[in-house]
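Chain residues, written in single-letter form:
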Amino acid sequence: MRLRTVVATILFLSMWTAAFAQEWTEFVSKEDRFTTNFPGTPQVTTSTYRSQFGADLPARIYSASQGQSRFRMTVVDYSSIEKLLTEKSQACPPGAETCRGGSNPGSSTGAGYWKVDYAGALVYASWQFMQRDAKVTEFIWNNIDLVEGYLLHLTNPDKSRTYVSIFMHADKLYLGEATVPAGAPEPGLFQQALGWIDENGKSIRYQTLYHHGHPTPPRAR
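Residues numbered from 1 in each chain as written. Predicted model: local features only at pLDDT ≥ 70, side-chain atom pairs only at ≥ 80, totals over all residues. Heavy atoms only, no water.

Enquirer: Looking at this structure, how should I read the pairing of strand β1 (residues 24–29)?
Expert: Regular strands place side chains that alternate from one sheet face to the opposite one. Pairing geometry for β1 and strand β2 (residues 34–39), over 6 bridges, is antiparallel. Across the sheet, Thr-25 pairs through a bridge with Phe-38, a residue of β2. With antiparallel pairing between neighbouring strands as the criterion, β1 and β2 make up a hairpin whose turn holds 4 residues, including Arg-33 at a positive phi of roughly 55 degrees. (Pairing = 2+ DSSP bridges. Helix = DSSP H or I, 4+ residues; strand = E, 2+ residues; numbered from the N terminus.)

Next up, the structure:
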């Protein structure tokens, strides 16, 4: 009986070791200009993201897993939002609200409501996570290297926890998700590692808060 117990314990430890064998390393995406930690090298896939007013924006998904924990960073390119929604507005019925306005440079309306879509990207992304079959347990403001964003915590029906980071920098929306089993510690290695880089791969930190849609502040480094 003892032999069986020892064998079972060895098998369990072997499986546990294999599941957590991936080494946490810093991953750098020069294409999407961010850095973060992943367990091993993430898989990269392309996708599209439907914005608030119906623009299908190009996106890339970086994903990895460790045991029962899953980690994903989705990066959405908002640089084409004006073009896409302006073109879409050409099919609007004459006089439709989304096709009017915009003559005043400071107006938030205009063809396709692209300005509203762009300005509200962080709030809309947060709302999409809140629509999941999960309980929202925390929703707070945060910043990383003075780039402002939101943190959202969800408890799923199976008691697993999803930790979400939502930021927008240089016309790119960053959606970080880490889901861990019930009782597991918070995924700090993933959540706290997000950073920004420039076109040369150099780290970015600002002197004052970076607000999406506002003039870019000077860099501290």
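Enquirer: Whenever I open this one, the environment of Gly-54 confuses me. Can you help?
Expert: As for its position among the elements, Gly-54 is in the loop between β3 (43–50) and β4 (56–66). Along the sequence, Gly-54 and Trp-114 sit 60 residues apart, while their C-alpha atoms lie 9.8 Å from each other. With residues up to four places along the chain from it excluded, the contact list for Gly-54 reads Leu-85, Lys-88 and Asp-117. (Contact = heavy atoms within 4.5 Å.)

Enquirer: Looking at this structure, how should I read unusual backbone geometry?
Expert: What you tend to see is this: most non-glycine residues have negative phi, and most peptide bonds are trans. A positive phi angle is found at Arg-33, which is not glycine, with a value near 55 degrees. The residue Arg-33 is located in the loop between β1 and β2 in this model. We classify Arg-33 as partly exposed; its relative accessible area is 35%. Even without being a glycine, Lys-159 presents a positive backbone phi close to 75 degrees. (Buried < 20%, exposed > 50% of the residue type's maximum accessible area, 1.4 Å probe, protein only.)

Enquirer: Teacher, can you tell me more about the environment of Ala-91 here?
Expert: Note that Ala-91 resides in the loop between α2 (81–89) and α3 (114–119). Classification of Ala-91 as exposed rests on a relative accessible area of 68%. A sequence separation of 21 residues divides Ala-91 from Gly-112, and the C-alpha atoms of the two residues are 9.9 Å apart.

Enquirer: Help me understand the sheet that holds strand β8 (residues 161–169), please; the structure alone is not making it clear to me.
Expert: Strand pairing within a sheet occurs via backbone hydrogen bonds; the two strands may be parallel or antiparallel. Sheet architecture is open: 7 strands sit in the order β3-β4-β5-β9-β8-β7-β6, paired in antiparallel fashion. Each end of this open sheet is capped by a strand with a single partner; those strands are β3 and β6 (135–144). Ignoring which end each strand starts from, the neighbouring axes of this sheet average 20 degrees apart. One ladder, built from 9 bridges, connects β8 with strand β9 (residues 172–180); its direction is antiparallel. Of the residues in β9, the one forming a bridge with Met-168 is Leu-173. Where helix α4 (residues 121–130) meets the sheet, its contacts fall on β3, β6, β7 (147–155), β8 and β9, and the angle it forms with β8 comes to roughly 165 degrees. (Axes fitted to C-alpha atoms, helices over the stretch in contact; angles between N-to-C directions.)

Enquirer: I would appreciate a short explanation of the sheet that holds β2 in the present structure.
Expert: Ordered by their spatial adjacency, 4 strands build an open sheet running β1-β2-β10-β11, and the pairing between neighbours is antiparallel. Sheet topology places β1 and β11 (203–204) at the edges, where each strand pairs with a single neighbour.

Enquirer: So what exactly am I meant to see when it comes to the pattern of salt bridges here?
Expert: Applying the stated criterion across every chain yields a total of 10 salt bridges. Of the charged contacts, one joins Lys-172 and Asp-32 as a salt bridge, the two residues approaching to 3.4 Å between their closest N and O atoms. Pair noted here: Lys-172 is in strand β9 and Asp-32 is in the loop between β1 and β2, with a separation of 140 residues, a long-range link. Glu-87 is the partner of Lys-83 in a salt bridge, and the nearest nitrogen-oxygen pair spans 3.0 Å. (Salt bridge = Lys/Arg side-chain N within 4 Å of Asp/Glu carboxyl O.)

Enquirer: Would you explain the pairing of strand β5 (residues 69–77) in this entry?
Expert: Summarising the sheet, β4 and β5 pair through 8 bridges and their orientation is antiparallel. Among the inter-strand pairings, Ala-64 is bridged to a residue of β5, identified as Phe-71. With 8 bridges joining them, β5 and β9 adopt antiparallel strand pairing. Bridged to Asp-77 within β9 is Lys-172.

Enquirer: Sorry, what's going on with α2 here?
Expert: Three or four residues apart is the spacing at which side chains of an α-helix point the same way, because the helix has 3.6 residues per turn. Inspection of α2 places Ile-81, Leu-85 and Ser-89 among the buried residues, and these make up the whole buried set. Around the axis of α2, the buried residues are gathered within 55 degrees of arc, so they sit on the same side. Residues of α2 that are buried sit in contact with β4 and α3. (Arc of directions from axis to C-beta.)

Enquirer: Whenever I open this one, α4 confuses me. Can you help?
Expert: Three or more residues of α4 are buried, namely Ala-121, Leu-122, Tyr-124, Ala-125, Ser-126 and Phe-129. Buried residues in α4 make contact with β3, α3, β6, β7, β8 and β9.

Enquirer: What should I look at first to understand the nonpolar core in this one?
Expert: Considering soluble globular proteins, one finds that nonpolar side chains tend to be buried as a cluster. Ranked by internal contacts, the top residues of the largest apolar core, which has 21 residues, are Tyr-49, Tyr-78, Ile-166 and Leu-173. For this core, the secondary-structure elements that each account for two or more residues are β4, α2, α4, β7, β8 and β9. Apart from the residues lying within four places of it in its own chain, the contact partners of Leu-173 are Tyr-49, Thr-74, Val-75, Val-76, Tyr-78, Ala-121, Leu-122, Ala-125, Ile-166, Phe-167 and Met-168. Ranked by size, the runner-up nonpolar core spans 20 residues in total, among them Met-73, Leu-146, Phe-190 and Tyr-210. (Core = buried A, V, L, I, M, F, W, Y, C linked by side-chain atoms within 4.5 Å.)

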